[in-house]
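Commentary on secondary and tertiary structure
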Amino acid sequence: MRLYEHTLPGGARLVGYLRDVSDKMPGYDIRPAVVVMPGGGYEYCSDREADPVAMNFLNAGYQVFTLYYTVAETTPAPLKFAPLLDALRAVRHIRQNAASLCVQPDKIAVCGFSAGGHLAASTALLCKESALNAQPDAPFADACPNAVVLAYPVITSGEYSHQGSIDNLAGTDEALRKTFSLENQTRRDLPPFFIWHTVEDGAVPVQNSLLLAQALTRDGVSYELHLFPHGEHGSSTCTNEVGSPSAHNAAWVGLCLDWLAGVFSFRI
């Protein structure tokens, strides 16, 4: 395995864990990739939703990257489109450098948790957003991911919103808050989604995932949704390591890996 580090325009950090090329494993030199986006309310990037998550995808044979995107801890809020630009540039960087990174450019998934889930979903939903066109490296339609994995995601800026995340992102700008209310941004040409949430989530209400699922259904987008009755917000991989052990809820990892293997036709 080799460690890969790259600083994106704007200062976001992309850390990759890349499987070694080996003539003993023919057919697996080039692999699909997963970009992990930790949560943290757009205030910080949670360690609990970074390496512990990345290692599961690495063990399943993927090239894995963790994106440490722009957050309010280091950049004055509202952040506006800065985190989304980080995410789009990360996917684009991996796709444009697919040969050297040993990645299949048409098989790049994004995986986000909580506010990172909002960012991962935005990477697919808002990659064609006209407001991004002012950037010198626009347009970003070529940076859209091929699959989206969301764990207890922030989705709406409405009744069931996680106000801290939306405030850090959009402040009091009502037009921007509307743009970042993702249940209103779905379209028919989206990649497939995998979503999981707990019904008891006291920080990001389960309605966030339900609103997204309803919108995806309306637009005929393929998705898989899993709701677990119990469990707190931010449970990551649901293990002792992350401080939220739940053998039942930890099943999401295997379910997700099986789903993604089917989407990408990739099994080791």
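The following paragraphs examine the structure supplied in this document. Since the model is a prediction, treat every value here as computed from it, not as a measurement.

So, on to the environment of K107. Its place among the elements puts K107 in strand 5 (residues 103-113). In sequence terms K107 and L260 are 153 residues apart; their C-alpha atoms lie 9.9 Å from each other. Polar side-chain contacts of K107 include one of 2.7 Å to the backbone oxygen of F264.

Glancing now at unusual backbone geometry. It is generally the case that most residues other than glycine have a negative phi and that most peptide bonds are trans. The omega angle of the peptide bond from A77 to P78 is 5°, so this bond is cis rather than trans. Positionally, P78 belongs in the loop between strand 4 (63-68) and helix 2 (82-96). Residue P139 follows A138 across a cis peptide bond; omega there is 0°. With respect to the helices, strands and loops of the structure, P139 is situated in the loop between helix 4 (115-125) and strand 6 (147-151). Non-glycine residue Y42 carries a positive phi angle of around 60°. Tracing the backbone through its elements, the reader meets Y42 in the loop between strand 3 (31-37) and helix 1 (51-59). In this structure Y42 comes out as buried when scored by relative accessible area, which is 1%. Despite not being glycine, C238 shows a phi value in the positive range, around 60°.

Two elements in contact, helix 2 and helix 4, have axes whose closest approach is 9 Å; the angle formed by their N-to-C orientations is 65°. Crossing geometry of helix 2 relative to helix 4 is assigned as right-handed. Residue-level inspection shows P83, L84, A87, L88 and V91 of helix 2 in contact with helix 4, the latter providing L119, S122 and T123. When its residues are assigned to classes, the contact of helix 2 with helix 4 shows six nonpolar, two polar and no charged.

A few words on the pairing of strand 1 (residues 2-7). Direction of pairing for strand 1 relative to strand 2 (residues 13-18): antiparallel, over a ladder of six bridges. What sits directly across from H6, in strand 2, is L14. Two successive antiparallel strands, strand 1 and strand 2, enclose a turn made up of five residues, where G10 displays a positive phi of approximately 100°.

Thresholds applied
Residues numbered from 1 in each chain as written. Predicted model: local features only at pLDDT ≥ 70, side-chain atom pairs only at ≥ 80, totals over all residues. Heavy atoms only, no water. Helix = DSSP H or I, 4+ residues; strand = E, 2+ residues; numbered from the N terminus. Polar contact = N/O pair within 3.5 Å; in protein donor to acceptor, adjacent residues only side chain to side chain. Buried < 20%, exposed > 50% of the residue type's maximum accessible area, 1.4 Å probe, protein only. Axes fitted to C-alpha atoms, helices over the stretch in contact; angles between N-to-C directions. Left-handed = near helix turned anticlockwise from the far one by under 90°. Contact = heavy atoms within 4.5 Å. Nonpolar A, V, L, I, M, F, W, Y, C, P; charged D, E, K, R; others polar. Pairing = 2+ DSSP bridges.

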